Amino acid sequence: MDSIKIVQLEVFAYHGCEEFEKINGQKFYIDATLHTDIRTSGVSDDLNDTMNYAKVCEFITKFMTENRFDLIEAAAEQTSRALLREFPKLKEIDFSIYKPDAPIGLPFGNVAVTISRKWNKAILSIGSNMGDKEAYLNNAIDSLYDDENCRVNVVSNYIETEPYGPVEQDNFLNGCLEIETLYSPKELLKKVNQIEAEAGRTRDIHWGPRTLDIDIIFYGDEIVDEPDLKIPHVEMHKRLFVLEPLKQIAPYWIHPIFNRTVSQILEELKPSGKCEGCSGCKGKVE
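Let me sum up the structure you'll find in this document. (Residues numbered from 1 in each chain as written. Predicted model: local features only at pLDDT ≥ 70, side-chain atom pairs only at ≥ 80, totals over all residues. Heavy atoms only, no water.)

**Overview of the overall build of the protein chain**
- Each helix and strand in the protein chain was counted, giving eight helices and eleven strands.
- A buried classification covers 47% of the 286 residues belonging to the protein chain.
- Considering only intrachain contacts with a sequence separation of at least 6, the fraction spanning at least 24 residues in the protein chain is 66%.
- When the accessible area of the protein chain is evaluated, it comes to approximately 14,600 Å², of which 49% is carbon and sulfur surface. (Helix = DSSP H or I, 4+ residues; strand = E, 2+ residues; numbered from the N terminus. Buried < 20%, exposed > 50% of the residue type's maximum accessible area, 1.4 Å probe, protein only. Contact = heavy atoms within 4.5 Å. Areas by Shrake-Rupley, 256 points an atom, 1.4 Å probe, with all protein chains shown as cover.)

Here is the structure:
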């Protein structure tokens, strides 16, 4: 991707753990590589088609002087996220903070923190089989719309599916959505769990009814294997109630383990007759 580079922007601010740093302040220097489309502005020669780096510098200076952090790690993280939220044309940023007067007590040249952050695309599956199901799904989507660290790109139609397991319960309403997010996979899991909790979701009965169920299906092309989080979702390739709405919004998304598109996985599953959850057969697995 093309980029614009800002080098050694000087900012006087009050970041640091020591009390004298909070009182006296000190100079910081910022390097920022702004990953953005330059081809359009390169052809048009129009400032409106590119990122105005003067405004970016003003924003960095204002944000870093109006906020105070103990750690330059936090200053880098929060400033980067604020920039990505503020400037729609900014897709990714490499951001460095230099602290030449850090209280080390030994001879040194400089101390710096460097991070890279971007908007990450993710796919979520949503479902409900209690109360006003459509309202629960819509409210979950609204919660993501309202979160400054998320952008909802597209939402599938909802489909009705039959439940799986021995528990008598109502049919499900299911859908998928594509988002862009500044959250890491674990942060996104925390966010969707919070939305579920706000909807009154409980996990008292395995395969039982639920007001709201949100699963992370994909997070870019990342593979996550943690005790409480598996991405891609380990059961998604068996579930028509995921694949059918997912095909509506992301038919060519490639599964990073199977190396097949959503459309291909769906076509392979349909003839097998082994669907775990769809509009025409029983099956919803936790």
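Once the structure has been displayed, the description carries forward.
**Quick look at the side chain of H35**
- Its place among the elements puts H35 in strand β2 (residues 26-35).
- Polar side-chain contacts of H35 include one of 2.8 Å to the side chain of D94.
- Setting aside anything within four residues of it in sequence, one finds H35 in contact with M1, D2, S3, K89, L90, K91, E92, I93 and D94. (Polar contact = N/O pair within 3.5 Å; in protein donor to acceptor, adjacent residues only side chain to side chain.)

**Digging into the nonpolar core**
- Grouped together as the largest cluster of nonpolar side chains are 32 residues, with contacts concentrated most on L34, L83, F95 and I97.
- Looking at this core, the elements with two or more residues in it are β1 (3-13), β2, α3 (53-66), α4 (72-86), β3 (92-98) and β4 (112-118).
- The contact partners of F95, leaving out residues within four places of it in the chain, are I30, D31, A32, I60, A76, T79, S80, L83, V113, T114 and I115. (Core = buried A, V, L, I, M, F, W, Y, C linked by side-chain atoms within 4.5 Å.)

**Details of the packing of aromatic side chains**
- Overall, the coordinates contain four aromatic pairs when judged by the stated rule.
- Ring centres of F59 and F63 lie 6.2 Å apart, and the angle between their planes is 15°; this geometry places the pair in the stacked category. Taken together, the residues F59 and F63, both in helix α3 and four residues apart, mark about one turn of the helix.
- Consider the rings of F59 and F87, whose centres lie 5.8 Å apart with planes at 80°: the pair is edge-to-face. Here the residue F59 occupies a position in helix α3, and F87 occupies one in the loop between α4 and β3, the gap between them amounting to 28 residues. The same class applies to F59 as to F87, namely buried.
- Ring pairs connect the aromatic residues F59, F63 and F87, which therefore count as one cluster.
- A cation over an aromatic ring shows up here: R151 above the ring of W119, its NZ or CZ 3.8 Å from the ring centre. (Phe/Tyr/Trp six-rings, centres within 6.5 Å; stacked < 30°, edge-to-face > 60°. Lys NZ or Arg CZ within 6 Å of the ring centre and 35° of its normal.)

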